Structures are given as structure tokens and as C-alpha cells.
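# Structural description and commentary
One letter stands for each residue in the lines below.
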Amino acid sequence: MSPIALGAMLAIVIPVSFMVWLAFSADHAALRNIQANLGHRTKTVEGTASLSRQYTDLVRRFTPGSYESWLDKQLAAAGRPKGWPLERLLATKPLIALGAGVIGTFNFVASPTPMSFAIMFAAITFAYFAPDLLIRSHGQKRCAAIQQELPNALDQMLISVQAGLGFEAAMGRTGKNGTGPLADEFVRTLQDIQVGRSRKEAYLAMAERVDVSDLRSFIRSIVQADAYGIAIAKVLKSQAREMRTKRRQRAEEHAMKIPVKILFPLIFFIFPTLFIILLGPAVMNIIAAFS
């Protein structure tokens, strides 16, 4: 027999023999235990998911619709954090309030006074609405960052349009090169257009998500230019100039508010300290002379 034929036979016989040996020598009891454990784990996970879904449905049933829509709007303004969707937020708020209520109850049992009961009630209320305050604060900071970045983004889009790109291509380039929340909104708007949404609806949805008056004005100008066939470059140039003017006016406004803002700390904290330092020794000498 030639070496080539012998090698071919061995290449077939050896893998088949190995597979037969594995089939007859395998620990079937261990395999059954593994499968049973996997099935039990799957059932446990499904049961936990079902309980979580029932709890979320129960919380949403007792949550007013207007409050839920307001909270969804605040999440949209905050950029919809991936780890905190609306369902998880609604399910977490009662748990936080429950924890604060347990601690407040222990405090009330230790000293049953009206002040302890008021503290317990205030702690439960604050714990329930604390996530709302955090999300609203994050949304306001995000809107302020978008308002600050908008003039520079419009300048970049204007340069791209004047270089020969279309408006959507310029928006995509600005979104890819940027790192702030405005760049994320541009990218999301382009994704909405790519999945089949009309440009007008995508632009208006971005203006609705972001509660910034300058961005809404820019979106209205773009929608009108798209409807009436106005040159995008002219719109971008006028909008960029207007946004830079508004940003400078806001900076001047903040600078003019500084003296008024520091007036109360100056009166209630700085002046009393200066009076104590300057007039304290004189008052002590007068008291010592007349005593």
C-alpha cells in the first residue's frame, strides 16, 4: 500500500475513532446535571425578569401620566443616559424613598416627637424627588453646553458647505469631529434621517429634545430654507453671526449681574467680619474704661 493511501486512511479512521470514544466515554450524568442547572438558571432569570416587569408595570400604573411625560422630557434634555431609561428611573424612585422611610422610621421610633416625624416625611419626599433634581440639573448643564457650542458648530458647518459639501454631510462632519452634546444631537438627527424619517421631522425632533431657544431658531431657519429653496450657506452665515452676537450679549449680561450677586455675601458675611476686626478692640477698650 502506498504511503499516500495509508495517510488518507489514517486521516479518516483516527478522527472517527476519537469521536466514537468520546461518545461512549462521556459522563452523561454530569451532562444531565449541567443541562438541569442551565434550565433552572434560565427559569430563575425568566422569573426574576417577570417579577421586575410586574413591579415596573405596577409603578407606572400609579404614576400620573403628566408626571411621566415631564420626566421623559427631562431625560430627553439630559441626553437619555443609557444606564437610566424611564422604566428604571420610575422603578428606582420608590425604592430610594422606601430606604429613606426606613431610616426615618428608626429615627422616629428612637425619639417620637413631631420634629422627628417632620424630618422623616421630608426625607421621604426628598429621596423620591432627588433623581428628578439630578436629571434636571444635568439637563440644564447640557443645554447650556449646547448653547455655548452652537456658534462654533455653525462656523464649522458653514466652512464645510462653502467647501462643497451638502448640509447633511456638513452636519455629519461636525458631529464626528465634535465631542460635546451638540455633536451627539447632530449624529442622532442624521441617524433618524437614515432610518427613514423625513428631514423636517428629524430637525424638529432635535429642537424638541433640546430646550435651547437658539437651536430652535436655527432649526426653524433651516426648515424654512429647505421648504423655500433658500441657499443654505447664506442661512448658516447669518445664523452663525447672530449666535455669536447672542453669546457675546449673554457674556456681558453675566458680567453685569456679578456686582448684584456678590452684594448679599458682601453684606452678610464680609462686612460683619471686617467690623468685628476693626471695631472689636475699640469696643473692648470702651467696655474696660466704663466698667
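Preceding block: the structure.
First things first, this report covers the structure right here in the doc. (Residues numbered from 1 in each chain as written. Predicted model: local features only at pLDDT ≥ 70, side-chain atom pairs only at ≥ 80, totals over all residues. Heavy atoms only, no water.)

Helices and strands together make up the secondary structure of the protein, namely eleven helices and zero strands. Taken from the N to the C terminus, the helices and strands of the protein come in the order α-α-α-α-α-α-α-α-α-α-α. Here the protein holds 291 residues, and 27% of them are scored as buried. Looking at the protein alone, contacts between residues at least 24 apart form 57% of all its contacts between residues at least 6 apart. Summed over all atoms, the accessible surface of the protein reaches about 20000 Å², with 67% contributed by carbon and sulfur. (Helix = DSSP H or I, 4+ residues; strand = E, 2+ residues; numbered from the N terminus. Buried < 20%, exposed > 50% of the residue type's maximum accessible area, 1.4 Å probe, protein only. Contact = heavy atoms within 4.5 Å. Areas by Shrake-Rupley, 256 points an atom, 1.4 Å probe, with all protein chains shown as cover.)

Taking 1.5 Å per residue as the helical rise, helix H5 (residues 114-162) with its 49 residues ought to reach 72 Å, and the 70 Å between its terminal C-alpha atoms agrees with that figure. Along its length, H5 shows its largest kink, about 40°, at phenylalanine 129, and proline proline 131 lies within four residues downstream of that point. After H5 finishes, the residue glycine 164 shows a positive phi value of roughly 120°. (Expected span 1.5 Å × (residues − 1). Bend = angle between axes of the 7 residues up to and from the residue.)

Per the stated rule, a full pass over the model turns up seven aromatic pairs. Measuring from centroid to centroid gives 6.4 Å for tyrosine 67 and phenylalanine 129, while their planes differ by 85°, and the two rings are edge-to-face. Of the two residues, tyrosine 67 is situated in helix H3 (residues 65-77) and phenylalanine 129 in helix H5; the sequence distance between them amounts to 62 residues. What makes tyrosine 67 buried here is its relative accessible area of 16%. Seen from their ring centres, phenylalanine 108 and phenylalanine 117 are 6.0 Å apart, and the 65° between their planes marks the pair as edge-to-face. (Phe/Tyr/Trp six-rings, centres within 6.5 Å; stacked < 30°, edge-to-face > 60°.)

Our next topic: helix H7 (residues 181-194). Since there are 3.6 residues in each turn of an α-helix, residues three or four apart along the chain are aligned in direction. Here H7 spans 20 Å end to end across 14 residues, near enough to the 20 Å set by a 1.5 Å rise per residue. Among all positions of H7, only Pro181, Leu182, Ala183, Glu185, Phe186, Thr189, Leu190, Asp192 and Ile193 are buried. Packed against the buried residues of H7 are H5, helix H6 (167-177), helix H8 (199-209) and helix H9 (213-228). Glycine 196 sits one or two positions beyond H7 and adopts a positive phi of about 115°.

Taken as a whole and judged by the stated rule, the model has 14 salt bridges. Put simply, aspartate 155 and arginine 244 hold a salt bridge, and the shortest N to O gap is 2.7 Å. A residue pair is termed long-range when its members are at least 10 positions apart, and aspartate 155 in helix H5 and arginine 244 in helix H10 (residues 232-261) qualify at 89 residues. Each member of the salt-bridge network shares a partner with another, and the members are Arg142, Glu185, Asp192, Arg197 and Arg209. (Salt bridge = Lys/Arg side-chain N within 4 Å of Asp/Glu carboxyl O.)

Mapped onto the elements of the fold, glutamine 239 is located in helix H10. Among residues more than four places away in sequence, those in contact with glutamine 239 are Leu154, Ser217, Phe218 and Ser221.

This brings us to the nonpolar core. In globular proteins that are soluble, nonpolar side chains generally tend to be buried together. Met157, Leu215, Phe218 and Leu236 are the most contacted members of the largest nonpolar core, which totals 31 residues. Take this core: its biggest share by element is eight residues, from H5. In terms of nonpolar packing, the next biggest core, distinct from the first, is built from eight residues, Val59, Leu71, Ala78 and Ile135 among them. (Core = buried A, V, L, I, M, F, W, Y, C linked by side-chain atoms within 4.5 Å.)

Relative to the helices and strands, arginine 173 is located in helix H6. In this structure the C-alpha to C-alpha distance between arginine 173 and alanine 183, which are ten residues apart in sequence, comes to 9.3 Å. Filtering out sequence-adjacent residues up to four positions away, arginine 173 remains in contact with Ser160 and Leu165.

We now examine the packing of H5 against H6. Taken N-terminus to C-terminus, the directions of H5 and H6 make an angle of 130°; their axes are 9 Å apart at the nearest point. Taken as axis vectors, H5 and H6 run oblique relative to one another. Regarding H5 and H6, the two cross each other, and that crossing is right-handed. Contacts between H5 and H6 involve Ala153, Gln156, Met157, Ser160 and Val161 from the former and Phe167, Ala170, Met171, Arg173 and Thr174 from the latter. Class assignment for the residues of the contact of H5 with H6 results in six nonpolar, three polar and one charged. (Axes fitted to C-alpha atoms, helices over the stretch in contact; angles between N-to-C directions. Parallel < 35°, antiparallel > 145°, perpendicular 65-115°, else oblique. Left-handed = near helix turned anticlockwise from the far one by under 90°. Nonpolar A, V, L, I, M, F, W, Y, C, P; charged D, E, K, R; others polar.)

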